[in-house]
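In case you want the letters, here they are:
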Amino acid sequence: MRASRPPLLVAVPALAAITAGLAASFVSVVHLQARAARRVIGKPLGASAPVVREVYKKKYGDRIELLLLGDSIAAGLGAGSPDETLGAQLASRLAKKTQRTVRLRSAAHVGSETSMVRAQLAALPPGYRADVAVIVVGGNDVTHRVRPAESVRHLREVLEPLVAVGTEVVVGTCPDLGALGAVPRPLRTLASRSSRQLAAAQRGLVTGMGGHAVSLAEVVGPFFVTQPDDMFAVDRFHPSGAGYRRTAKAMLPSVLAALGHQHPLPSGHYPPAP
């Protein structure tokens with residue numbers, strides 16, 4: 001008689017088959033959820049953000065040139081009016097705080113991944129130089145499964161020409177997509193992990209190149225988790241007017257610091273590396 005196989009040796013292949021089956025089912029569920037999410041996100045808002053005005057507090061003089069680059073958050077999709085967008089909120093708060101005129105130029109586009117931001121720079125008028133550039137990007141990289149290393153490489157290509165001409169840079173790092181209650185699990189869990197990995201990589205690059213990084217997950221993420229009805233627009237993905245006001249208020253300390261205003265930075269703000 002042949003010796004029977006030990007029970008463990010019999011169980012291992014069966015367990016491997018079950019694990020592989022579960023993994024395949026998990027991946028299938030995540031892909032289905034991702035496709036469903038992409039069909040819904042942003043659709044009630046259209047593809048265009050409100051058009052912001054250019055000059056804030058003209059009477060002050062001594063103008064600050066403020067540039068907005070990035071994705072739909074930078075562009076203000078979800079705001080109910082131009083004055084509720086991130087750019088307008090930052091410009092008006094910056095003018096009030098510094099008692100200087102602020103001219104805002106927003107080149108941000110809805111749907112942009114980091115790889116597309118260099119084109120936003122290229123489309124600016126010849127010779128234009130901002131005093132400070134605020135960049136918010138990364139969410140679309142996560143939803144389109146762009147590798148963090150590739151995303152950060154593209155961000156470097158955006159920062160290098162800005163730094164070269166003396167523009168100060170403030171980057172709002174990728175928001176924590178785990179705050180999106182409308183996105184089901186397990187997709188939300190994976191998106192949260194990926195967005196935090198990207199945010200950490202962005203922060204390291206930005207501060208290492210002499211810029212300021214603001215962790216949106218830290219400075220505004222808790223408000224979006226605890227007050228979703230107020231902070232999110234109708235698509236439950238982009239900020240509402242209230243969400244943009246909160247985000248602009250949270251980012252302002254680093255914008256001021258980038259312009260030379262000396263003050264202690266709150267938690268979640270990361271100055272240039274020594």
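Rules of the game
Residues numbered from 1 in each chain as written. Predicted model: local features only at pLDDT ≥ 70, side-chain atom pairs only at ≥ 80, totals over all residues. Heavy atoms only, no water. Helix = DSSP H or I, 4+ residues; strand = E, 2+ residues; numbered from the N terminus. Expected span 1.5 Å × (residues − 1). Buried < 20%, exposed > 50% of the residue type's maximum accessible area, 1.4 Å probe, protein only. Contact = heavy atoms within 4.5 Å. Pairing = 2+ DSSP bridges. Phe/Tyr/Trp six-rings, centres within 6.5 Å; stacked < 30°, edge-to-face > 60°. Lys NZ or Arg CZ within 6 Å of the ring centre and 35° of its normal. Arc of directions from axis to C-beta. Polar contact = N/O pair within 3.5 Å; in protein donor to acceptor, adjacent residues only side chain to side chain.

Participant: Any details on helix H6 (residues 148–164)? Residues and values, ideally.
Facilitator: The terminal C-alpha atoms of H6 lie 24 Å apart, and with 17 residues this matches the ideal 24 Å at 1.5 Å per residue to within 8%. Restricting attention to buried positions, one finds in H6 the residues Ser151, Val152, His154, Leu155, Val158, Leu159 and Leu162. Where the residues of H6 are buried, they touch strand S2 (64–70), helix H4 (117–122), strand S4 (132–136), helix H5 (139–143), strand S5 (168–172) and helix H7 (187–208). Positive phi shows up at Gly166, right after H6, with a value of about 90°.

Participant: Any chance you could break down the pairing of S4 for me, citing the residues and the numbers?
Facilitator: The side chains of a regular strand alternate between the sheet's two faces. Judged by how many residues are buried, S4 sits mostly within the fold: 5 of 5 residues are covered. Residues Val132, Val134 and Val136 of S4 are buried on one face, and the alternating residues Ala133 and Ile135, pointing to the opposite face, are buried as well. Pairing analysis gives 5 bridges linking S2 to S4, with the strands arranged parallel. Counterpart to Leu68 in the pairing with S4 is Val134. Here S4 runs beside S5; their pairing, made up of 5 bridges, is parallel. Paired with Val136 across the two strands is Gly172, which belongs to S5.

Participant: How would you explain the packing of aromatic side chains if you had to name every residue and give the values?
Facilitator: A full pass over the atoms with the stated rule returns 1 aromatic pair. Above the face of the Tyr128 ring, Arg105 is positioned so that its terminal group lies 4.8 Å from the ring centre. The ring centre of Phe223 lies 3.9 Å from the NZ or CZ of Arg246, which sits over that ring.

Participant: So what about H7? Which residues, and what values?
Facilitator: Helix length check: H7 (22 residues) gives 32 Å between terminal C-alpha atoms against 32 Å at 1.5 Å per residue, within 8%. Here H7 has its buried residues at Leu187, Arg188, Ala191, Ser192, Ser195, Leu198, Ala199, Gln202, Leu205, Val206 and Thr207. In a view along the axis of H7, the buried residues occupy a sector of 170°, so they form one face of it. Away from its buried face, by an angle of more than 90 degrees, H7 presents the exposed residues Arg193 and Gly208. Count one or two residues on from H7 and you reach Gly210, which has phi positive near 95°.

Participant: Tell me what's going on with the side chain of Thr247, and back it up with residues and numbers.
Facilitator: Looking at where Thr247 falls in the secondary structure, it is placed in helix H11 (residues 241–258). Among the residues examined, Thr247 registers a relative accessible area of 4% and is labelled buried. A polar side-chain atom of Thr247 sits 2.8 Å from the main-chain carbonyl oxygen of Gly243. Contacts of Thr247, omitting those with residues within four sequence positions, involve Leu86, Leu216, Val220 and Phe224.

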